[in-house]
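Chains, contacts and geometry: an overview
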Amino acid sequence: MSVELLTLLFFGCLLLFVLLGSPLAFVLGGVSVVFLYYEMGSIGFYLLASKMWETMQSPTLMAIPLFVYMAILLEKSGVANDLYDMMHQWWGGLRGGLAIGTVLICVIFAAMSGISGAAVVTMGTIALPKMLERGYDKKLALGAINAGGGWGILIPPSILMVLYSLLTEVSVGRLFAAGIGPGLTLFVLVSIYIGVRCWLQPELGPALPKEERTGWGPKLRSLRAVILPILIVTIVLGAIFGGFATPTEAAAIGVFGALVATTVNGQLSWKVIHETAIATLRLTALVMWILFAAHAFSAAYTALGAQSLISNLMEFIPGGKWGALLFMLTVLFLFGMVLDPVGIMLITLPVFLPVVRDAGFDPIWFGILFIIMMEVGYMTPPFGFNLFYLKGVAPPDVTMGDIYASVIPYVLVTLLGVLLMILFPGIVLFIPELLYG
């Protein structure tokens, strides 16, 4: 059977079972194993088991449950409430200041957690009602939380970066370092958008009345709220980038810091520890199945010879390597509307990475573009996860239509950021080259 027909049959089976509602990790793993046996016989099972065993021995894998535990614990710690009170005092006097302050909290939360939903749920619960109460435009406020919440997978530490590292065998430390510049760039772009929009249309984000603004004394005292978050971020990322600890060891330090933060805020209890541990166990078990499916898919795809087929198809795309890059980013954008980021990673990375390497692109640079497109997927209709997280915590008068409409300008701003990173790769690569050479 030709490679073209096998490819159509392979992806057709995947699509059929996904449309039937089966979990993507099980579909991908199951269908891949069947095709692997058809192409290689029983030797394919030994190949898959060997690859899985090699992955399970990776110390980097241990970082995943630790970062997940840290993120969930920080969500329950009450740190976000203190941060928002501080931002309210410092930024409330500016037009759009509460929205910009909320976005900045999302940056801090992203640097502490490593997952996307934590900041969206937390800021949707704390900041959104207060912004609406102050007369902020509904769509401006919703979009700011949606956009900022997605940075949890871009600004290190990031669970998705750890998975990308495992699947592509690039340095997770370099990936973490590469995410800092793009994360700050997107924060600046989104803040400029909010500031300019509210300057031109003051009714979208009115400043706090003068009588409600606080003096310098309360403002300075409120800065105590950032001590614990900055301490956690500095210890975790400083340990990694300074070469004092591996990402796994730094994750363990981060868990300790999250426990301290939860204790200081009076939220630590056996119930919180138990709930956090159970949630971490569930997510970690899901990751294990995802890795199995990824390796099965990669092995089956290679055995079918489809990688050479895709590489040949790429040659017909106009624009050379830049046309191929645009095509890949477009595919990621479209997939992000209907699939979860991990599923997209499983399906596309085995196809795209050989093309990326053949074109001479840096896998770290492409990895950051990949992560940002996954972030866009979190916030785009119809099935972006952050949309539903936000709907779950938003006031009753906020409709799904409001949330869908709110993301459009923020998606455009994010795509502008992607274009800047393509034109100026140093935004991505400067810090990893500075730290690692």
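You'll find the protein chain entered in an unreviewed UniProt entry as TRAP transporter large permease protein, with Paracoccus methylarcula given as the organism. Regarding the protein chain, the UniProt comment filed under Function (unreviewed entry) reads as follows: "Part of the tripartite ATP-independent periplasmic (TRAP) transport system." What UniProt states about the protein chain under its Subcellular location (unreviewed entry) heading is, verbatim, "Cell inner membrane".

Our next topic: the overall build of the protein chain. Counting secondary structure elements, the protein chain contains 22 helices and 0 strands. Computed over the C-alpha atoms, the radius of gyration of the protein chain is 22 Å, within 12% of the 22 Å expected from 2.2 N^0.38 for a compact globule of 437 residues. With the principal axes as the frame, the protein chain shows a C-alpha extent of 75 × 45 × 45 Å. The buried share of the protein chain, reckoned over its 437 residues, is 53%. Restricting to contacts in the protein chain with at least 6 residues of sequence separation, those with at least 24 account for 79%. When the accessible surface of the protein chain is summed, it comes to about 18,600 Å², and 71% of that surface belongs to carbon and sulfur atoms. A gap of 11 Å separates the mean positions of the 19 positive and 22 negative side-chain charges of the protein chain.

It is worth spelling out the domain arrangement of the protein chain at this point. Assigned domains of the protein chain: these are domain 1 (1-57 + 288-304) and domain 2 (61-268 + 305-436). Centre-to-centre, using C-alpha coordinates, domain 1 lies 31 Å away from domain 2.

Before going further, it helps to spend a moment on the confidence of the model for the protein chain. Averaged over every residue, the pLDDT of the protein chain is 82; the share at 70 or more is 92%. Model confidence for the protein chain, summarised as mean pLDDT per element, is weakest for helix α15 (residues 306-314) at 65 and strongest for helix α21 (residues 408-423) at 95.

Over its 29 residues, helix α10 (residues 172-200) runs 42 Å from end to end, which matches the ideal 42 Å to within 8%, given 1.5 Å per residue. N-capping of α10 is provided by Ser171, with a side-chain oxygen placed 3.3 Å from the backbone N of Gly173.

Quick look at the pattern of salt bridges now. Scanning the entire structure with this criterion turns up 1 salt bridge. Across the pair Lys138 and Asp402 runs a salt bridge whose closest N-O atoms are separated by 3.4 Å. Here Lys138 is found in helix α8 (residues 138-149), whereas its partner Asp402 is found in helix α20 (residues 400-406), with 264 residues between them in sequence.

Here the focus is unusual backbone geometry. The phi torsion at Glu169 lies on the positive side, around 65 degrees, for a residue other than glycine. Among the structural elements, Glu169 can be located in the loop between α9 (159-168) and α10. Relative accessible area serves as the criterion here: at 60%, Glu169 is assigned to the exposed category.

Time to look at the packing of α9 against α10. At a minimum axis separation of 9 Å, α9 and α10 run at an interaxial angle of 140 degrees. Taken as axis vectors, α9 and α10 run oblique relative to one another. Between α9 and α10 lies a crossing of right-handed hand. Between α9, through Met161, Val162, Tyr164 and Ser165, and α10, the contact on the second element is made entirely by Val172, Leu175, Phe176 and Gly179. Residue composition of the contact of α9 with α10, by class: 6 nonpolar, 2 polar and no charged.

Helix length check: α8 (12 residues) gives 17 Å between terminal C-alpha atoms against 16 Å at 1.5 Å per residue, within 8%. Within α8, 10 of the 12 residues are buried, which leaves the element mostly enclosed by the surrounding structure. Among the residues making up α8, those that are buried are Leu140, Ala141, Leu142, Gly143, Ala144, Ile145, Asn146, Ala147, Gly148 and Gly149.

Bringing the side chain of Asn146 into the picture now. With respect to the helices, strands and loops of the structure, Asn146 is situated in helix α8. Once residues lying within four places of it in the same chain are set aside, the contact partners of Asn146 are Tyr378, Met379, Asn386, Leu387, Leu390, Ile403 and Val407.

With that out of the way, let us pick up a nonpolar patch on the surface. A cluster of nonpolar residues, Val188, Ile192, Val196, Trp199 and Leu200, forms a patch on the protein surface that exposes about 530 Å² of accessible area. Assignment of secondary structure puts Val196 in helix α10. Residue classification places Val196 among the partly exposed residues on the basis of a relative accessible area of 41%.

To continue, consider the environment of Ser42. Here Ser42 shows up in the loop between α2 (24-40) and α3 (43-56). By relative accessible area, Ser42 is classed as partly exposed at 43%. Sequence separation between Ser42 and Trp216 is 174 residues, and the spatial gap between their C-alpha atoms is 72 Å.

As enumerated under the stated definition, the model contains 5 aromatic pairs in all. Seen from their ring centres, Tyr193 and Tyr410 are 5.3 Å apart, and the 80 degrees between their planes marks the pair as edge-to-face. Placement of Tyr193 in helix α10 and of Tyr410 in helix α21 is noted, with a sequence separation of 217 residues between them. Between the aromatic rings of Phe366 and Phe370, the centroid separation amounts to 6.3 Å while the plane-to-plane angle is 55 degrees, which identifies the pairing as tilted. In this pair, Phe366 and Phe370 are both assigned in helix α18 (residues 363-379), 4 residues apart and thus about one turn of the helix distant. Exposure class is identical for Phe366 and Phe370. Each is buried.

Right, let's talk about the packing of helix α4 (residues 63-76) against α9 for a bit. Angle between the axes and distance between the axes are the two parameters that describe a pair of packed helices. Closest axis-to-axis distance for the α4/α9 pair is 10 Å, and the angle between their directions is 170 degrees. The angle between the axes of α4 and α9 places the two elements in the roughly antiparallel class. In contact with Ile64, Phe67 and Val68 of α4, α9 contributes Ile159, Val162, Leu163 and Leu166. Residue composition of the contact of α4 with α9, by class: 7 nonpolar, no polar and no charged.

What counts and how
- Residues numbered from 1 in each chain as written.
- Predicted model: local features only at pLDDT ≥ 70, side-chain atom pairs only at ≥ 80, totals over all residues.
- Heavy atoms only, no water.
- UniProt positions renumbered as here; feature names shortened; annotations may be inferred.
- Helix = DSSP H or I, 4+ residues; strand = E, 2+ residues; numbered from the N terminus.
- Rg over C-alpha atoms; globule rule 2.2 N^0.38 Å.
- Buried < 20%, exposed > 50% of the residue type's maximum accessible area, 1.4 Å probe, protein only.
- Contact = heavy atoms within 4.5 Å.
- Areas by Shrake-Rupley, 256 points an atom, 1.4 Å probe, with all protein chains shown as cover.
- Lys, Arg positive; Asp, Glu negative; His and termini not counted.
- Charge placed at Lys NZ, Arg CZ, Asp CG, Glu CD.
- Domains from an automatic or database assignment.
- pLDDT = per-residue confidence, 0-100.
- Expected span 1.5 Å × (residues − 1).
- Polar contact = N/O pair within 3.5 Å; in protein donor to acceptor, adjacent residues only side chain to side chain.
- Salt bridge = Lys/Arg side-chain N within 4 Å of Asp/Glu carboxyl O.
- Axes fitted to C-alpha atoms, helices over the stretch in contact; angles between N-to-C directions.
- Parallel < 35°, antiparallel > 145°, perpendicular 65-115°, else oblique.
- Left-handed = near helix turned anticlockwise from the far one by under 90°.
- Nonpolar A, V, L, I, M, F, W, Y, C, P; charged D, E, K, R; others polar.
- Patch = residues over 30% accessible without salt bridge, like charges linked within 9 Å, V, L, I, M, F, W, Y side chains within 5 Å.
- Phe/Tyr/Trp six-rings, centres within 6.5 Å; stacked < 30°, edge-to-face > 60°.

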